[in-house]
Amino acid sequence: MEKIILASNNKHKISEFRQMLNCEVLSLEDIGFNQEIIEDGKTFFENSLIKAKAVSNFLKKQGIVANVIADDSGLCVNSLGGQPGVYSARYAAEHDDKANRQKLLQQLEDKSDRSAYFVCMIVKLFSDGHYVSVEGRTYGNILTEETGDTSFGYDCLFFSDDLKKSFGQATKEEKNAVSHRGRALKKLLELKEN
Ligand code: IMP
């Protein structure tokens, strides 16, 4: 069975990838990677490539030959000019989901257009240095209050056009079937070279 290194320690992302990929998925913790990766790219693509390269270089130094998958994802709100976008994890405060959601609700207080979409960019970097990239999106609206499970990012504020409920109210299977990550992964798996 193929082993893939996923350039993330986010337990929600790791569990979504494990459910959707038919191979062994190892996290950064699993491979003993504990360096800080500076995600200073301006786009989801730049950030995912930065993460994939950092992990691939680490593996090379250990003499490990393995392919790396990195994703960069975020929420883009139309009336906020696409914000928080690549800053989704640190919109109000670094990795403080609750504070990030509160800031989003405040920013939208006087907006009538609450349409938004999640983006997921996945880069798969092969051990020989070449890579492929795919993007997935999912559309919806930002609710005025948290609904359902509040444990992952903006899930409880995102009312999905596809599911007609918030991602916080959806089962893992329902979310994976329509999510930005699910759609990007589906594209990756459909590539001849993946
Ligand atoms: P990343 O780890 O740099 O890709 O940051 C992604 C951030 O976007 C997360 O910390 C969440 O705030 C948000 N995000 C991305 N995907 C999802 C999702 O599926 N549900 C909820 N929030 C998400």
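Keep in mind the model is a prediction, meaning the values are calculated, not measured. (Residues numbered from 1 in each chain as written. Predicted model: local features only at pLDDT ≥ 70, side-chain atom pairs only at ≥ 80, totals over all residues. Heavy atoms only, no water.)

Side note on the site of the ligand
Then comes step 1: Around the ligand there are 16 residues in total, and Lys-13, Asp-155, Lys-175, His-180 and Arg-181 lie nearest to it.
Then comes step 2: Ser-73 has a polar backbone atom sitting 3.0 Å from an oxygen atom of the ligand.
Then comes step 3: Protein chains shield 94% of the accessible area of the ligand, which is 490 Å² for the free molecule.
Then comes step 4: For the shell around the ligand, the secondary structure elements donating two or more residues are strand E3 (67–77) and helix H5 (180–190).
Then comes step 5: Counting residues per element, the shell around the ligand draws most heavily on E3, at three residues.
Then comes step 6: Broken down by class, the residue content of the shell around the ligand amounts to four nonpolar, five polar and seven charged. (Near = heavy atom within 4 Å. Polar contact = N/O pair within 3.5 Å; in protein donor to acceptor, adjacent residues only side chain to side chain. Areas by Shrake-Rupley, 256 points an atom, 1.4 Å probe, with all protein chains shown as cover. Helix = DSSP H or I, 4+ residues; strand = E, 2+ residues; numbered from the N terminus. Nonpolar A, V, L, I, M, F, W, Y, C, P; charged D, E, K, R; others polar.)

A word on the pairing of strand E5 (residues 131–142)
On any regular strand, side chains alternate: one points to one face of the sheet, the next to the other face.
Then comes step 1: Pairing analysis gives eleven bridges linking strand E4 (residues 115–125) to E5, with the strands arranged antiparallel. Paired with Cys-120 across the two strands is Gly-136, which belongs to E5.
Then comes step 2: A loop of five residues connects E4 with E5, the two strands running antiparallel in sequence, and Gly-129 in this loop sits at a positive phi of about 100 degrees.
Then comes step 3: One ladder, built from three bridges, connects E5 with strand E6 (residues 158–160); its direction is antiparallel. Bridge pairing in E6 places Ile-142 opposite Phe-158. (Pairing = 2+ DSSP bridges.)

Quick look at the pairing of E3
Then comes step 1: Counting buried residues along E3, eleven of its eleven residues qualify, which places the element largely inside the surrounding structure.
Then comes step 2: Residues of E3 alternate between two faces, with Asn-67, Ile-69, Asp-71, Ser-73, Leu-75 and Val-77 on one and Val-68, Ala-70, Asp-72, Gly-74 and Cys-76 on the opposite face, all of them buried.
Then comes step 3: Here three bridges tie strand E1 (residues 3–6) to E3, and the two strands are oriented parallel to one another. Considered in E3, the bridge of Ile-4 is made with Asn-67.
Then comes step 4: With ten bridges joining them, E3 and E4 adopt antiparallel strand pairing. Each bridged residue has a counterpart across the sheet, and for Gly-74 the counterpart in E4 is Val-119. (Buried < 20%, exposed > 50% of the residue type's maximum accessible area, 1.4 Å probe, protein only.)

Let's talk about the environment of Leu-191
Then comes step 1: Position of Leu-191 among the secondary structure elements: in the segment after H5.
Then comes step 2: On the accessibility criterion, Leu-191 (30% relative accessible area) is partly exposed.
Then comes step 3: The spacing of Leu-191 and Ser-151 is 40 residues in sequence and 32 Å in space, taken between C-alpha atoms.
Then comes step 4: Those residues in contact with Leu-191, other than ones at most four positions away along the chain, are Val-132 and Val-134. (Contact = heavy atoms within 4.5 Å.)

What about the pattern of salt bridges?
Then comes step 1: One pass over the full model with this rule turns up 14 salt bridges.
Then comes step 2: Here Glu-135 and Arg-137 are joined by a salt bridge, their closest N and O atoms 2.8 Å apart.
Then comes step 3: A salt bridge links Asp-155 to Lys-175, with the nearest nitrogen and oxygen atoms 3.1 Å apart. A residue pair is termed long-range when its members are at least 10 positions apart, and Asp-155 in the loop between E5 and E6 and Lys-175 in helix H4 (residues 172–178) qualify at 20 residues.
Then comes step 4: Note on Asp-155: relative accessible area 9%, which makes it buried.
Then comes step 5: What makes Lys-175 buried here is its relative accessible area of 5%. (Salt bridge = Lys/Arg side-chain N within 4 Å of Asp/Glu carboxyl O.)

Some words on the packing of helix H1 (residues 11–20) against H5
Then comes step 1: Taken N-terminus to C-terminus, the directions of H1 and H5 make an angle of 40 degrees; their axes are 11 Å apart at the nearest point. The orientation of H1 with respect to H5, classified from their angle, is oblique. Here H1 and H5 pass one another in a crossing that is right-handed. Contacts between H1 and H5 pair Lys-13, Glu-16, Phe-17 and Met-20 from the former with Arg-181, Gly-182, Leu-185 and Leu-189 from the latter.
Then comes step 2: Here the contact of H1 with H5 is built from residues that sort into four nonpolar, one polar and three charged. (Axes fitted to C-alpha atoms, helices over the stretch in contact; angles between N-to-C directions. Parallel < 35°, antiparallel > 145°, perpendicular 65-115°, else oblique. Left-handed = near helix turned anticlockwise from the far one by under 90°.)

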